[in-house]
Amino acid sequence: MGVVKMARKLWMMTQTWHDLLFLHWPVDPPIIRKYIPDGLELDLYDNQAWIGIVLFKARGTRPRFMPPIPGSANFLEVNVRTYVKYKNKTGVYFFSLDADSKMAVEIASFGNFLPYRMARMSFDKKSGHISFMSETRGKEGPQEKIALKYRVLPQPAVSTSLEKWLTERYCLWTKPGEQLLRLDIAHASWQLQYVQGELTENTMAPYLGVNFKSGKPMAHYTEMKKVRFFPPVIEK
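How each quantity is defined
- Residues numbered from 1 in each chain as written.
- Predicted model: local features only at pLDDT ≥ 70, side-chain atom pairs only at ≥ 80, totals over all residues.
- Heavy atoms only, no water.
- Helix = DSSP H or I, 4+ residues; strand = E, 2+ residues; numbered from the N terminus.
- Buried < 20%, exposed > 50% of the residue type's maximum accessible area, 1.4 Å probe, protein only.
- Contact = heavy atoms within 4.5 Å.
- Areas by Shrake-Rupley, 256 points an atom, 1.4 Å probe, with all protein chains shown as cover.
- Core = buried A, V, L, I, M, F, W, Y, C linked by side-chain atoms within 4.5 Å.

Caption draft 1: Representation of the overall build of the chain in the model. A tally of regular secondary structure across the chain gives four helices and 13 strands. Burial status across the chain gives 47% buried among its 236 residues. Summarising the internal contacts of the chain: among those between residues at least 6 apart in sequence, 68% fall at separations of at least 24. By element, 55% of the accessible surface of the chain is carried by carbon and sulfur atoms, the whole surface being about 12500 Å².

Structure (structure tokens):
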């Protein structure tokens, strides 16, 4: 194994996602394109862009072979994302990532590396029903909130080409300055289930307009997923 590959494995971050829910809406590409950094290209499915809102509990966040950092290991998260590509490699671009851990937000957003924000969040799971609420706490700009209640259906989701396209993504890009960076992610393929419930409030990503949120989203759930994050790579 080369020195670079060995170093990347040693500096890997690990995390486990619990009760993860994907919500997806189709959106016209021009609405999103102006918010994508130079160097990235929108990834489209049948000429259609997609917005994803992903909600989950993060547990056991830590560097590989090291104990978790107190205050940053366990938290709730909501992120808003779309799908992009760079030189034919496909992945994710985040518009925002909200968490209820001040330490986790400060670490992940240091140097504007990722657009993490503090939010007030709650999660409740009782008798097969899940309630999730998140509301940003920043003083600048409009507050963004999402609230929903749902139950997980027992049968597995049908793995269509669109569902794989939306969920099987193994890298993300960020551009905190002039340089485009890629973070690779590793985990097993998704084993998803459908859900039934109600999205009671959704004011996330107001700059993208409200049209994409007017329809019922595609929704998929998984109970647990172990993931690994590799150190950033400079794109050339």
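Caption draft 2: Geometry of the nonpolar core. By size, the foremost hydrophobic cluster in this structure holds 36 residues, and its most contacted members are Leu23, Ile53 and Leu55. Counting residues per element, this core draws most heavily on strand 4 (residues 75–86), at five residues. In this view, Leu23 contacts Ile51, Gly52, Ile53, Leu55, Ile146, Leu148, Leu199, Pro217, Met218 and Ala219; residues no more than four positions away in its chain are not counted. Ranked by size, the runner-up nonpolar core spans 29 residues in total, among them Leu20, Val105, Leu114 and Ala157.

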